[in-house]
Amino acid sequence: MASTHHFALVVASLFLFSSLFVPSTATTRKLTALVQQQPLVLQYHNGPLLKGNITVHLVWYGKFTTPQRVILIDFILSLNHHIHAPSVPSWWKITGKYKNGFTSLILGKQTFDENCSLGKSLKTPQVTRLARRGDHRQAITVVFTAKDVTVDGFCMSDCGTHGSAKADPTGKTKFAYIWVGNPETQCPGQCAWPFHQPIYGPQTPPLVSPNGDVGVDGMVINLATLLAGTVTNPFDNGYYQGTSSAPLEAVSACTGIYGEGAYPGYPGELLVDKTTGASYNAVGIRGRKYLLPAMWDPTTSACSTLV
Ligand SMILES: *[C@@H]1O[C@H](CO)[C@@H](O)[C@H](O)[C@H]1NC(C)=O
Ligand SMILES: *[C@@H]1O[C@H](CO)[C@@H](O)[C@H](O)[C@H]1NC(C)=O
């Protein structure tokens, strides 16, 4: 049995939440204040986290252009590079505060399934099957699906998922995996926000994406979210708030927040590239720019946007 954690941009539900709690009676207003002031705490459930050197294997399912692959690979390569803040590695360092101990992600093998051997409409077990291909020791396998591939839950509830499955028939060892879909044509308003007009909620103009590819820049946000969730809660017993079947994790607990002053529908204050007009908040290798979501910091019990 595979277990997965679903991650969707819940800007819409945040909005719904706030509109549910803004009726005109004084009692409910007080309730709103109470709800908003509750400190955000992700509890540790005593299970293992992924620490030390962890290899990230990639499975490309369907067609990706070379520039698209390079945007995602450069992001992974940036995670453990030395780059002055605000940078991709200064963002990733926050994961090291979870039970103190750094996680170095190392790019591993890439597998290509350009012609979609399992078809263009994947069920959840097929995603696990794709992730199963390869070596799982101290590793995370990431399955990327192309824009014309549909996956169970994609664009309905999920922009991607992470989970774990048995690595061998005895089930003694488990492997961790991630799936992220390219939302460019199927649901950019859900899974590539804030680079595309949101489907629901407050309408703000879309931001210019830092690498000129709305779908793939959205995938970076979702991959970042799921990598942080995987290393801090790989087997459903790490850090999360809520139930293990629908947990709020390191980044999904901070959904919709990218900079100071964020509120539902507004990603917060960001840096802007003077030449391209693109919004970003972190620099990666070769001067590449990325927009990364806020991450819960265990030392402050708050969503940190200072990357
Ligand atoms: C991780 O890899 C680096 C470089 O290969 C090595 O120096 C280091 O000892 C490794 N760390 C662990 C915890 O295995
Ligand atoms: C995928 O299909 C195309 C067109 O049929 C073919 O040219 C190509 O060699 C195939 N790629 C692989 C990796 O099998």
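Preceding this section is the structure that the text describes.
Along each chain, numbering runs from 1 in the same order as the chain's sequence is written. Numbering of ligands from 1 and lettering of chains from A proceed in the order in which they are written. A pLDDT threshold of at least 70 governs which residues receive local features in this predicted model, and a stricter bar of 80 or more applies before side-chain atom pairs are shown or counted, although totals over entire chains, interfaces and linings include all residues. Excluded from the side-chain calculation are hydrogens and water; included are all heavy atoms of the structure.

For the rest of this paragraph, the subject is the overall build of the protein. Of the regular secondary structure elements, the protein holds seven helices and 16 strands. Three exposure classes are used, based on accessible area relative to the maximum for each residue type with a 1.4 Å probe and protein chains only: buried under 20%, partly exposed in between, and exposed over 50%. Here the protein holds 307 residues, and 50% of them are scored as buried. The method behind every accessible area is Shrake-Rupley, applied with a 1.4 Å probe, and residues are considered shielded solely by the protein chains displayed. Roughly 13800 Å² of accessible area belongs to the protein as shown, and the carbon and sulfur atoms make up 58% of that amount. Segments assigned H or I by DSSP are reported as helices when at least four residues long, segments assigned E as strands when at least two residues long, and all are numbered from the N terminus.

Before going further, it helps to spend a moment on the state of the cysteines. Throughout, disulfides are identified as pairs of cysteine sulfur atoms within 2.5 Å of each other. As enumerated under the stated definition, the model contains three disulfides in all. Shown here is the disulfide that connects Cys155 with Cys187, its sulfur atoms set 2.0 Å apart. Disulfide Cys155-Cys187: torsion about the S-S bond near -70°, hence left-handed. Linking Cys155 in the loop between strand 7 (150-151) and strand 8 (160-166) with Cys187 in the loop between strand 9 (174-181) and helix 6 (188-191), this pair joins segments that are 32 residues apart in sequence. Paired through a disulfide, Cys159 and Cys191 show a sulfur-sulfur distance of 2.2 Å. Around the S-S axis, the bridge from Cys159 to Cys191 shows a dihedral of about -85° and counts as left-handed. Of the two residues, Cys159 is situated in the loop between strand 7 and strand 8 and Cys191 in helix 6; the sequence distance between them amounts to 32 residues. As far as the burial class goes, Cys159 and Cys191 line up, both buried. Of note for the protein: the bonded cysteines, numbered N- to C-terminal, pair according to 1-3, 2-4, 5-6.

To qualify as a nonpolar core, a set must consist of buried Ala, Val, Leu, Ile, Met, Phe, Trp, Tyr and Cys residues joined through side-chain atoms within 4.5 Å. In this structure, Phe75, Trp91, Ile140, Phe144, Leu223, Leu227 and Leu292 are the most contacted members of the largest nonpolar core, which totals 70 residues. Per-element tally for this core: the top contributor is helix 7 (residues 214-232), with nine residues. A contact between two residues is defined here by any heavy atoms of the two lying within 4.5 Å. Residue contacts for Leu292: discarding those within four places in its chain leaves Phe75, Val88, Trp91, Val220, Ala224, Tyr258, Asn281 and Ala282. In terms of nonpolar packing, the next biggest core, distinct from the first, is built from five residues, Trp193, Ile221, Tyr258 and Leu291 among them.

Moving on, we come to the pattern of salt bridges. Throughout this description, the term salt bridge denotes a Lys or Arg side-chain nitrogen within 4 Å of a carboxyl oxygen of Asp or Glu. What the rule picks out here adds up to 10 salt bridges. Put simply, Lys289 and Asp273 hold a salt bridge, and the shortest N to O gap is 3.2 Å. With a gap of 16 residues between them, Lys289 in strand 14 (residues 289-290) and Asp273 in the loop between strand 11 (271-272) and strand 12 (279-280) connect regions that are remote in the sequence. Look at Lys289 and you get partly exposed, because its relative accessible area is 22%. Judged by relative accessible area, Asp273 falls into the buried class, the value being 14%.

Bringing the environment of Pro183 into the picture now. Structurally, Pro183 is set in the loop between strand 9 and helix 6. Residue classification places Pro183 among the buried residues on the basis of a relative accessible area of 0%. For the pair formed by Pro183 and Cys159, sequence separation is 24 residues and the distance between their alpha carbons is 7.5 Å. Those residues in contact with Pro183 that lie beyond four places of it in its chain are Phe154, Pro188, Cys191, Ala192, Gly215 and Met219.

Of all 10 residues making up strand 3 (residues 52-61), seven are buried, and the element is well covered by its neighbours. At least two DSSP bridges between two strands are required for those strands to pair. Pairing of strand 3 with strand 4 (residues 103-113) involves nine bridges; the strand directions are parallel. In the sheet register, Val59 faces strand 4, and the bridge partner there is Thr111. Relative to strand 6 (residues 139-145), strand 3 runs parallel, the two being bridged by seven bridges. Paired with His57 across the two strands is Thr141, which belongs to strand 6.

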